[in-house]
Amino acid sequence: DTYSNPLIPADCPDPSVIDDRDASGWFYAYSTRSRHQGQSVTLPVYRSRDMVHWQFVRDAFPDGGPSWSPGGALWAPDVNRMDGHYVLYYAMGHWGDPVRSRSGVAVSESPTGPFRDVGMIVGSENTGVMNSIDPVFFEDDGRRYLFWGSFGKGSGIWAVELADDGLSVREGARPVQISAIDTEGAYVVKRRGWYYVFASRGSCCEGARSSYHVVVARSRHVLGPYADPDGKSFLDDDYQYTILSSSPGAGFRGPGHNSALIRDDAGRDWLFYHSFWSGNDYEGRCLMMDRVQWKKGWPFIGNGQPSATSVAPFIKEKR
């Protein structure tokens, strides 16, 4: 079987995808606040049986969402099932205001919500990190961490250990800088003793002019230091170990802000991300998917550009 990109040919930015088949029988995708059938949706939720065909389910914040930062918008959700419930980390973005752009956390008993907001988890107030958006959760040997951060002076990607419940920063934990200041949208993968940070650089939101692209760095330790195959530090401003960039010939521009890796039933890894697409005149960042393969300890994606058509993930039929 094959599939074609985009999977959702409409605005679905900053996607987070989880394999929730063990609990609910579905894959779920979440995106930054967007519009569906003309209506503003604070936290759009989609579901799929096969990772290819997605249907809109609902707004997981039907009452409008968190209100602790007036004028903010919910961006870049990251949903995780832990301790018997679903924990949502989200950015509360204020465009052009790095002091007020922070991240929060919410909890639900269902992957589709409604989510109960807990409030801010990281911001310049408690971490000293400016533009504290794009939060993502990572668990390693029972210890829980938050990676977050974006563009601008005093930002970049940072990491800190969380309390046991994952709902606050662990008392006494100190944030560690992971990347240079012009990097955002991190996700962390552990594979064969290495930690890999997938992240995005470039301009995210300029349609056909967007230069967004996905870079990767790795480390032997969860809090770094991270580097490329030649040892170049992820903290360097000109870091450029790129695995995914625009494919102008196929009409895809600015691919980036990927999800965690999702593994199919054949043991293959898949990356979800967004991209502008010529098929809808570059209106909105569409949901995309491509296979991630590994060579000599490093991930790669086909020819380094989004695929128009490819072999589909293998998903066993539910019995």
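Everything here concerns the structure above.
On a predicted model such as this, the values are computed, not experimentally measured, just so you know.

Reading guide: rules and limits
Residues numbered from 1 in each chain as written. Predicted model: local features only at pLDDT ≥ 70, side-chain atom pairs only at ≥ 80, totals over all residues. Heavy atoms only, no water. Pairing = 2+ DSSP bridges. Helix = DSSP H or I, 4+ residues; strand = E, 2+ residues; numbered from the N terminus. Axes fitted to C-alpha atoms, helices over the stretch in contact; angles between N-to-C directions. Core = buried A, V, L, I, M, F, W, Y, C linked by side-chain atoms within 4.5 Å. Buried < 20%, exposed > 50% of the residue type's maximum accessible area, 1.4 Å probe, protein only. Contact = heavy atoms within 4.5 Å. Phe/Tyr/Trp six-rings, centres within 6.5 Å; stacked < 30°, edge-to-face > 60°. Disulfide = S-S within 2.5 Å. 1 Å grid on protein atoms, 1.4 Å probe; cavity = no way out; pocket = protein on both sides within 12 Å on 5 of 7 lines; lining within 4 Å. Points joined across faces, edges and corners; volume = space filled by probe spheres on them.

Caption draft 1: Structural context of the sheet that holds strand β6 (residues 44-48). Spatially, β2-β3-β6-β7 is the arrangement adopted by the four strands of the open sheet, whose pairing is antiparallel. Either end of the sheet is taken by a strand with one partner, and the two such strands are β2 (16-20) and β7 (55-59). This sheet shows a mean twist of 25° between the axes of neighbouring strands, independent of strand direction. As paired elements, β6 and β7 share four bridges and run antiparallel to each other. Its bridge partner lying in β7, P44 is registered against D59.

Caption draft 2: Unusual backbone geometry, seen in detail. Cis geometry is adopted by the peptide bond preceding P114, which originates at G113 and carries an omega value of 5°. Relative to the helices and strands, P114 is located in the loop between β10 (102-108) and β11 (116-122). Omega for the bond connecting G224 with P225 falls within 30 degrees of zero, at 10°, which places this linkage in the cis form. Mapped onto the fold, P225 is located in the loop between β18 (213-219) and β19 (242-244). Its identity as a non-glycine residue notwithstanding, N131 has a phi of 50°, on the positive side. In this fold, N131 is placed in the loop between α1 (124-127) and β12 (136-140).

Caption draft 3: Summary view of the nonpolar core. In this structure, F147, I178, V197, Y226 and F234 are the most contacted members of the largest nonpolar core, which totals 19 residues. Counting only elements with at least two residues in this core, the list comes to β12, β13 (143-148), β16 (184-191), β17 (194-201) and β18. In this structure V197 touches I178, A186, Y187, V188, V215, V216, A217, Y226 and F234, once residues within four positions along its chain are discounted. One finds I8, C12, W54 and L287 within the second-largest nonpolar core, a separate group that totals 18 residues.

Caption draft 4: Inspection of the environment of F276 at higher detail. With respect to the secondary-structure elements, F276 resides in strand β22 (residues 269-277). For F276, a relative accessible area of 6% translates into the label buried. Separated by 133 residues in sequence, F276 and R143 place their C-alpha atoms 36 Å apart. In this structure, F276 is in contact with C204, C205, E206, G207, S210, G251, F252, R253, Y282, G284 and R285, ignoring residues within four places of it in sequence.

Caption draft 5: Structural detail: the packing of aromatic side chains. Enumeration over the complete set of coordinates arrives at eleven aromatic pairs. Between the aromatic rings of F138 and Y195, the centroid separation amounts to 6.1 Å while the plane-to-plane angle is 80°, which identifies the pairing as edge-to-face. Here F138 is found in strand β12, whereas its partner Y195 is found in strand β17, with 57 residues between them in sequence. With respect to class, F138 is no different from Y195; both count as buried. Relative to W298, the ring of Y196 lies with its centre 6.1 Å away and its plane at 90°, an arrangement referred to as edge-to-face. Of this pair, Y196 sits in strand β17 while W298 sits in strand β24 (residues 298-300), and the two are 102 residues apart along the sequence. Residue Y196 shares its accessibility class with W298, and that shared class is buried.

Caption draft 6: Seen up close, the sheet that holds strand β9 (residues 85-93). With antiparallel pairing, four strands are arranged side by side in an open sheet as β8-β9-β10-β11. Two strands bound the open sheet, and with one partner strand each, they are β8 (73-82) and β11. On average, adjacent strands in this sheet sit at an angle of 25° to one another, irrespective of strand direction. One ladder, built from seven bridges, connects β9 with β10; its direction is antiparallel. When the bridges of β10 are listed, A91 appears paired with S103.

Caption draft 7: Geometry of the state of the cysteines. Applying the stated rule across the entire model yields one disulfide. Between C204 and C205 runs a disulfide, and the two sulfur atoms are separated by 2.1 Å. Every disulfide takes its handedness from the sign of the S-S torsion; for C204 and C205 that torsion is -90°, giving left-handed. Residue class for C204 comes out buried when judged on its relative accessible area of 14%.

Caption draft 8: Region of interest: empty space enclosed by the protein. In this structure the tally under the stated criterion is one cavity of 30 Å³ or more. Of the voids in this model, the largest cavity is the one considered here, and its volume is about 40 Å³. In terms of lining residues, the largest cavity is bounded by D14, P15, A76, P77, D78, D134, P135, V136, A186, Y187 and H257. Mapped onto the lining of the largest cavity, the elements with two or more residues apiece are β8 and β16. Residue contributions to the lining of the largest cavity peak at three residues, all from β8.

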